[in-house]
Amino acid sequence: MKIPINRSLLRKAVVPAVALLLMGAFFIPARSALLPSHDTADGRLASRFDFTAMPIAMPEGVRSDRTIRHVRHPYKNLSAWISSIGASAAMNDIDGNRLSDDLCMVDVRADKVYVTPTPDSNTSRYQPFILDPAPLRMDEAAVPSGCVPSDFNADGRTDMLVHFYGRTPIIYLQRGDATKLDSKAFRPVDLVPVPTTADGDYHGQRWVTAAVAIADFDGNGTTDIFIGNYFPDMDVLKEDGRVPLWMTDSFSNAANGGGNRVFTLDNAKSGSEPSVDYREVSQPFPIGKSTGWVLAAAATDLTGDQLPELYVSNDFGKDRLFVNKSKPGDIRFGFAEGERGLTDPKSYVMGHDSYKGMAADFGDLNSDGMPDLFVSNIAARYALMEGHFAWYNTAKNTADAAAKLADGIAPFKNRAPDVGLAWETWGWDAKINDFDNDGRNEVIQATGMIKGDTNRWPQIQEIGTINDELVKYPQAWPVIGDDADLSGRDPMGFFSQDEDGKFANLTHTLGMDAPIPSRGIAIGDTSGNGALSFAVARQWADPVFYHNNRAKNGQYLGLKLHKPTNEGSPATTVAGLPALGVPAIDAQVEVRTPDGKLHTARLDGGSGHTGKRATEIHLGLGNVDPATPLNVLLRWRDNKGAPHEQTIQLTPGWHTMNLTSNAQEVK
């Protein structure tokens with residue numbers, strides 16, 4: 001007997017089965033990449049590095065046993081979550097001795113910002129001190145969440161912007177007549193005007209700022225300030241707070257966060273009572289693209305027009321790549337997104353992810369001369385396995401990138417699973433730099449969330465499945481209190497790549513595996529010998545400094561690039577030396593070594609989460625003759641915004657350049 005076949009039902013059964021088989025075919029080989037790769041059996045990769053861990057000196061009143069913040073009673077169930085960020089580290093030349101051997105740190109145990117010498121420098125230069133906000137208005141609802149050194153009034157002395165949970169930022173301007181580095185050497189001024197009231201309390205906006213990036217977005221010759229806020233205005237750190245706490249309106253596409261702001265300089269004054277006047281730019285971002293839960297930001301020029309693009313990492317939803325369409329005096333951004341291929345997961349397409357972005361840093365990951373990007377997310381095994389992003393630039397050159405970005409296409413592909421950068425726990429700040437000068441960049445990554453006694457991952461997984469209409473209410477969240485643990489014993493990551501471009505995590509082999517959550521990473525050459533050292537800010541624990549003892553797998557090119565001050569003549573620094581000028585933020589460098597490799601970098605004004613590298617350029621060059629001059633291409637904008645380009649010859653080592661209408665080396 002012939003059995004009739006219902007072809008419609010057969011198709012309905014076969015198509016899903018084939019889809020499952022295809023999914024399995026793609027998933028099974030990918031499972032081998034779920035475990036992080038470590039050093040080779042003979043320790044060959046780790047043998048290229050040698051770091052010494054050193055304690056960082058703190059002033060009195062910073063270290064304490066406190067491991068949680070006090071929050072308003074209705075939000076006690078989220079006290080550990082609300083207390084989970086804020087530790088910060090920045091490295092720079094603050095005293096003007098021409099070495100990046102000063103640190104600006106935020107310690108959450110006492111909610112203080114302090115300045116201290118790096119432990120491998122001449123620590124007798126000054127005593128560690130706490131930055132004092134007086135006479136500006138403060139209260140217990142405002143706690144610092146980051147420090148960003150820069151020269152905000154262009155007088156040749158390094159200032160510091162401090163941002164907060166519960167307050168608008170404060171800029172600490174270095175006084176022009178200060179001869180000693182201490183708290184009195186700085187005058188605090190508000191970035192945003194704060195209302196004056198008779199009661200003397202703070203009545204300004206309650207921003208929760210988690211990211212700052214410094215760049216000249218409109219190309220007018222002065223630097224601008226990007227502010228990325230996490231929560232919408234929040235007031236939960238004191239019992240009589242009036243502003244309610246709202247959580248995200250989605251776990252995968254949240255759009256009710258504090259969002260993005262840009263400030264541009266109107267005028268500035270130096271001297272004993274320095275001042276700056278910034279104004280907020282009205283609607284610089286496309287409508288509907290700028291209200292995420294910001295945790296990190298990074299800027300670099302992708303198109304060759306010397307106007308930096310901006311990447312913003314958002315928690316609980318889509319990161320954004322903003323394409324710079326500004327003109328002097330008019331800051332405006334478009335945006336671009338990646339193109340999805342047949343086998344690409346949706347979150348592996350730039351601008352379409354649903355992940356928890358917590359870091360962003362541009363750098364060349366594959367030595368092709370084009371800027372790539374690393375982004376931290378969550379990749380906690382047996383908990384929440386999203387994966388970090390290693391966005392490799394697929395454009396042929398900057399002209400090709402410019403054409404694609406003009407059409408709204410982001411020319412980046414996530415290769416993190418292929419190169420060993422995808423699966424390393426809960427990630428935070430990350431930096432791309434060359435620590436052994438072999439010409440290939442390393443990636444270092446802060447990790448871990450909350451250290452406690454009770455694993456709260458089951459509750460986090462549970463809330464991740466509830467209706468988005470409920471997740472914005474704090475009462476719907478589980479108890480994440482002072483006993484909670486979420487990836488709380490994960491060490492930081494130190495990833496180095498071999499000749500094949502694959503990265504391995506050397507943190508255990510190098511002895512960097514302390515089981516303490518970390519947040520911000522600061523990088524700089526503290527000794528002037530071409531070896532990059534770094535500081536790590538830890539959440540609710542002492543920070544640590546890693547001195548680089550050896551960076552001898554190649555030569556390096558170090559550049560201190562400056563533009564003239566607004567004073568017309570350089571000031572004298574606290575260290576008693578003539579000020580070199582204002583760091584030429586966004587200046588670009590290209591060097592092609594005899595082996596044909598193109599090495600590129602940009603003077604970073606302060607990208608990332610709560611870690612900031614020194615405002616200087618360091619390029620590892622690999623095996624080149626230290627006496628052979630190299631052709632170095634410089635691109636920059638002068639103080640009036642005019643673009644310039646010049647090729648000069650420099651030998652490996654450190655060089656100081658003065659950039660006006662031309663580039664001149666300062667001997």
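Residues numbered from 1 in each chain as written. Predicted model: local features only at pLDDT ≥ 70, side-chain atom pairs only at ≥ 80, totals over all residues. Heavy atoms only, no water.

## Some words on the overall build of the protein
Assigned secondary structure in the protein consists of six helices and 42 strands. The C-alpha atoms of the protein give a radius of gyration of 24 Å, which matches the 26 Å a tight globule of 667 residues would have. Dimensions of the protein along its principal axes, counting C-alpha atoms only, are 100 × 65 × 50 Å. Buried residues in the protein amount to 61% of all 667 residues. Across the protein, the fraction of contacts at a sequence separation of at least 24, relative to all contacts at a separation of at least 6, is 64%. (Helix = DSSP H or I, 4+ residues; strand = E, 2+ residues; numbered from the N terminus. Rg over C-alpha atoms; globule rule 2.2 N^0.38 Å. Buried < 20%, exposed > 50% of the residue type's maximum accessible area, 1.4 Å probe, protein only. Contact = heavy atoms within 4.5 Å.)

## Some words on the pattern of salt bridges
Between side chains of opposite charge, pairing is possible as soon as their charged atoms come close. The full count for this structure, using the stated rule, is 38 salt bridges. For Arg489, the salt bridge goes to Asp485, with nearest N and O atoms at 2.6 Å. What makes Arg489 partly exposed here is its relative accessible area of 44%. Residues joined in a network through salt bridges with shared partners are Arg48, Asp436, Asp438, Arg440, Glu442 and Glu499. (Salt bridge = Lys/Arg side-chain N within 4 Å of Asp/Glu carboxyl O.)

## Observations concerning the confidence of the model for the protein
Across the protein, the average pLDDT comes to 92, with 93% of residues at 70 or higher. Below pLDDT 50 for its whole length, residues 8–34 participates in nine contacts with residues either more than four positions away or in separate chains. (pLDDT = per-residue confidence, 0-100.)

## Concerning the pairing of strand S36 (residues 598–602)
Taken together, the five bridges between strand S35 (residues 588–592) and S36 define a ladder with antiparallel strand orientation. Each residue of the ladder has a partner; that of Gln588, found in S36, is Arg602. Adjacent in sequence and paired antiparallel, S35 and S36 are bridged by five residues, among which Gly596 carries a positive phi angle near 95°. (Pairing = 2+ DSSP bridges.)

## With respect to a nonpolar patch on the surface
Taken together, the side chains of Trp246, Leu470 and Tyr473 present a nonpolar region at the surface, about 300 Å² in accessible area. Tracing the backbone shows Leu470 in helix H6 (residues 468–471). (Patch = residues over 30% accessible without salt bridge, like charges linked within 9 Å, V, L, I, M, F, W, Y side chains within 5 Å. Areas by Shrake-Rupley, 256 points an atom, 1.4 Å probe, with all protein chains shown as cover.)

## Looking at the pairing of strand S19 (residues 372–375)
The alternating pattern of S19 places Asp372 and Phe374 and Leu373 and Val375 on opposite faces, both of which are buried. The pairing of strand S18 (residues 361–363) with S19 spans three bridges and is classified as antiparallel. Bridge assignment links Gly363 to a residue of S19, and that residue is Asp372. When S19 meets strand S22 (residues 389–393), the two strands line up antiparallel, connected through three bridges. Across the sheet, the residue bridging to Val375 is Phe389, located in S22.

## Let's talk about the UniProt feature "domain: ASPIC/UnbV" (unreviewed entry) in the protein
Under the present numbering, the feature "domain: ASPIC/UnbV" (unreviewed entry) in UniProt falls on residues 584–641. Secondary structure over residues 584–641 splits into 0% helix and 45% strand, and the C-alpha atoms at its two ends are 11 Å apart. (UniProt positions renumbered as here; feature names shortened; annotations may be inferred.)

## A word on empty space enclosed by the protein
The full count for this structure, using the stated rule, is five cavities of 30 Å³ or more. Estimated volume of the largest cavity: approximately 290 Å³. Lining the largest cavity are 22 residues, with Asp93, Gly96, Thr158, His562 and Leu580 sitting closest to its centre. The class makeup of the residues in the lining of the largest cavity is five nonpolar, 10 polar and seven charged. In this structure, the second largest cavity encloses a volume near 160 Å³. Taken together, 19 residues line the second largest cavity, and the ones lying closest to its centre are Trp81, Tyr230, Asp315, Trp426 and Met449. (1 Å grid on protein atoms, 1.4 Å probe; cavity = no way out; pocket = protein on both sides within 12 Å on 5 of 7 lines; lining within 4 Å. Points joined across faces, edges and corners; volume = space filled by probe spheres on them. Nonpolar A, V, L, I, M, F, W, Y, C, P; charged D, E, K, R; others polar.)

## Description of the sheet that holds strand S10 (residues 209–215)
On the basis of which strands lie adjacent, the open sheet formed by four strands has the order S10-S11-S12-S13 and antiparallel pairing. Of all the strands in the sheet, the pair left with one neighbour each is S10 and strand S13 (275–280). Recorded for the sheet is a direction-independent mean angle of 30° between the axes of neighbouring strands. Bridging between strand S12 (residues 259–269) and S13 involves six bridges; their strand directions are antiparallel. Within S13, the residue paired with Leu265 across the bridge is Tyr278. (Axes fitted to C-alpha atoms, helices over the stretch in contact; angles between N-to-C directions.)

## A word on the environment of Thr209
Along the chain, Thr209 turns up in strand S10. Separated by 170 residues in the primary sequence, Thr209 and Ala379 have C-alpha atoms spaced 24 Å apart. Among residues more than four places away in sequence, those in contact with Thr209 are Ser145, His163, Phe164, Ile227, Gly228 and Asn229.

## Here's the deal with helix H3 (residues 398–406)
Considered for burial, the residues of H3 that qualify are Asp400, Ala401 and Leu405. Buried residues of H3 fall within an arc of 130° about the axis and therefore sit on the same side. Turned more than 90 degrees off the buried face of H3, the exposed positions are Ala399 and Ala406. Among the structural elements, strand S16 (320–324) and strand S17 (333–336) are those in contact with the buried residues of H3. Backbone nitrogen of Ala399 and a side-chain oxygen of the N-cap are separated by 3.2 Å at the start of H3; the cap is Asn397. Immediately downstream of H3, the backbone of Gly408 shows phi near 80°, a positive value. (Arc of directions from axis to C-beta. Polar contact = N/O pair within 3.5 Å; in protein donor to acceptor, adjacent residues only side chain to side chain.)

## Topic: the state of the cysteines
Taken as a whole and assessed by the stated rule, the structure comprises one disulfide. In this model Cys104 forms its disulfide with Cys147; the gap between the sulfur atoms is 2.0 Å. On the sign convention where negative means left-handed, the S-S torsion of about 100° between Cys104 and Cys147 marks this disulfide as right-handed. Pair noted here: Cys104 is in strand S3 (residues 102–107) and Cys147 is in strand S6 (residues 143–150), with a separation of 43 residues, a long-range link. Comparing Cys104 with Cys147, the two get one shared label, buried. (Disulfide = S-S within 2.5 Å.)

## Focus: the sheet that holds S22
Reading across the sheet, the four strands line up as S18-S19-S22-S23 and stay open at both edges, with antiparallel pairing between neighbours. Pairing within the sheet leaves two strands with one partner each, and these edge strands are S18 and strand S23 (412–414). Going across the sheet, the axis of each strand differs from the next one's by a mean of 25°, ignoring polarity.

## Thoughts on the packing of aromatic side chains
Within the structure shown, the criterion is met by 28 aromatic pairs. Aromatic side chains Trp207 and Phe263 sit 6.1 Å apart centroid to centroid with 45° between the ring planes, which places their arrangement in the tilted category. Here Trp207, found in the loop between strand S9 (186–190) and S10, pairs with Phe263, found in strand S12; they are 56 residues apart in sequence, far enough to count as distant. Lying across the ring of Tyr392, Arg415 places its NZ or CZ 4.6 Å from the centre. Taking the ring centre of Trp654 as reference, the NZ or CZ of Lys560 above it sits at 4.6 Å. (Phe/Tyr/Trp six-rings, centres within 6.5 Å; stacked < 30°, edge-to-face > 60°. Lys NZ or Arg CZ within 6 Å of the ring centre and 35° of its normal.)

## Observations concerning unusual backbone geometry
Residue Pro135 follows Ala134 across a cis peptide bond; omega there is 10°. Relative to the assigned elements, Pro135 resides in the loop between strand S5 (129–130) and S6. Located in the positive-phi region is Asn437, a residue other than glycine, with phi close to 65°. Looking at the element boundaries, Asn437 is found in the loop between strand S24 (425–433) and strand S25 (442–447). For Asn437, a relative accessible area of 1% translates into the label buried. Even without being a glycine, Ser487 presents a positive backbone phi close to 50°. Its location among the elements puts Ser487 in the loop between strand S27 (484–485) and strand S28 (493–497).

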